[in-house]
Amino acid sequence: MNIDQELLQKIAHLARLEMPESAEKEMKDSLESVLNWMSELDEIDTSNVKPLTHMSLEINALREDKVIPNISRDQGLKNAPKQDGEYFRVPKVMES
């Protein structure tokens, strides 16, 4: 597929790209290359290929959900730069 300068500028405008004239030829060649590759893919017979719902046949390996020993609140807060005895104290991020 051939891309003329008008189409290239329209694509750049829709993508909100500022394209200097020095980059137009390289971009035009690159787009034509991609479109030519896509047209080659169109020639492949995919009538016997089932549509994919996932890109991988792997299944999640889930672990058993079990209670394990944990640290106490005091141990968790021990190295905190700021804390109030119950929670970590952090700078305010959002105004209410």
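Scroll up to find the structure this text is about.
Residues numbered from 1 in each chain as written. Predicted model: local features only at pLDDT ≥ 70, side-chain atom pairs only at ≥ 80, totals over all residues. Heavy atoms only, no water.

### Here's the deal with the environment of Ala-15
Turning to step 1, where the next piece is worked out: Structurally, Ala-15 can be placed in the loop between helix H1 (5–14) and helix H2 (21–42).
Turning to step 2, where the next piece is worked out: By relative accessible area, Ala-15 is classed as partly exposed at 42%.
Turning to step 3, where the next piece is worked out: Taking C-alpha positions, Ala-15 is 36 Å from Asn-48, a pair spaced 33 residues apart along the chain. (Helix = DSSP H or I, 4+ residues; strand = E, 2+ residues; numbered from the N terminus. Buried < 20%, exposed > 50% of the residue type's maximum accessible area, 1.4 Å probe, protein only.)

### As for a nonpolar patch on the surface
Turning to step 1, where the next piece is worked out: Taken together, the side chains of Val-34, Trp-37, Met-38, Leu-41 and Ile-44 define a hydrophobic patch exposed on the protein surface, amounting to about 480 Å² of accessible area.
Turning to step 2, where the next piece is worked out: With respect to the secondary-structure elements, Val-34 resides in helix H2. (Patch = residues over 30% accessible without salt bridge, like charges linked within 9 Å, V, L, I, M, F, W, Y side chains within 5 Å. Areas by Shrake-Rupley, 256 points an atom, 1.4 Å probe, with all protein chains shown as cover. Salt bridge = Lys/Arg side-chain N within 4 Å of Asp/Glu carboxyl O.)

### Concerning the side chain of Glu-32
Turning to step 1, where the next piece is worked out: Among the secondary structure elements, Glu-32 is positioned in helix H2.
Turning to step 2, where the next piece is worked out: For Glu-32, a relative accessible area of 12% translates into the label buried.
Turning to step 3, where the next piece is worked out: Of note is the side chain of Glu-32, whose polar atom sits 3.0 Å from the backbone nitrogen of Ile-3.
Turning to step 4, where the next piece is worked out: Leave out the neighbours within four places in its chain, and Glu-32 touches Met-1, Asn-2 and Ile-3. (Polar contact = N/O pair within 3.5 Å; in protein donor to acceptor, adjacent residues only side chain to side chain. Contact = heavy atoms within 4.5 Å.)

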